Amino acid sequence: MDYGKGGNPKAAKDSHHPLDQPRRGAPKGDTKADAKKAELLARMKAAAAARKPDGK
């Protein structure tokens, strides 16, 4: 009996991916999203600092 032929076929791994993102395991590149994320984080930190009493 051939046990390797039984069961459902396995789906291809990582076959559907966005074309603007690197493949799994590839080095990450600098993107616009990184700049947006850094800007948002800076704004959130400034807002949190402004809400604290006595600026601490």
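Residues numbered from 1 in each chain as written. Predicted model: local features only at pLDDT ≥ 70, side-chain atom pairs only at ≥ 80, totals over all residues. Heavy atoms only, no water.

Student: Looking at this structure, how should I read the overall build of the chain?
Tutor: Helices and strands together make up the secondary structure of the chain, namely 1 helix and 0 strands. Carbon together with sulfur atoms contributes 56% to the accessible area of the chain, which is approximately 6100 Å² in total. (Helix = DSSP H or I, 4+ residues; strand = E, 2+ residues; numbered from the N terminus. Areas by Shrake-Rupley, 256 points an atom, 1.4 Å probe, with all protein chains shown as cover.)

Student: Explain the environment of Asp20 to me, please; I cannot follow it from the model alone.
Tutor: Structurally, Asp20 is set in the segment before helix H1 (32-51). Since its relative accessible area comes to 64%, Asp20 is described here as exposed. Spatially, the C-alpha atom of Asp20 lies 9.3 Å from that of Thr31, the residues being 11 residues apart in sequence. (Buried < 20%, exposed > 50% of the residue type's maximum accessible area, 1.4 Å probe, protein only.)

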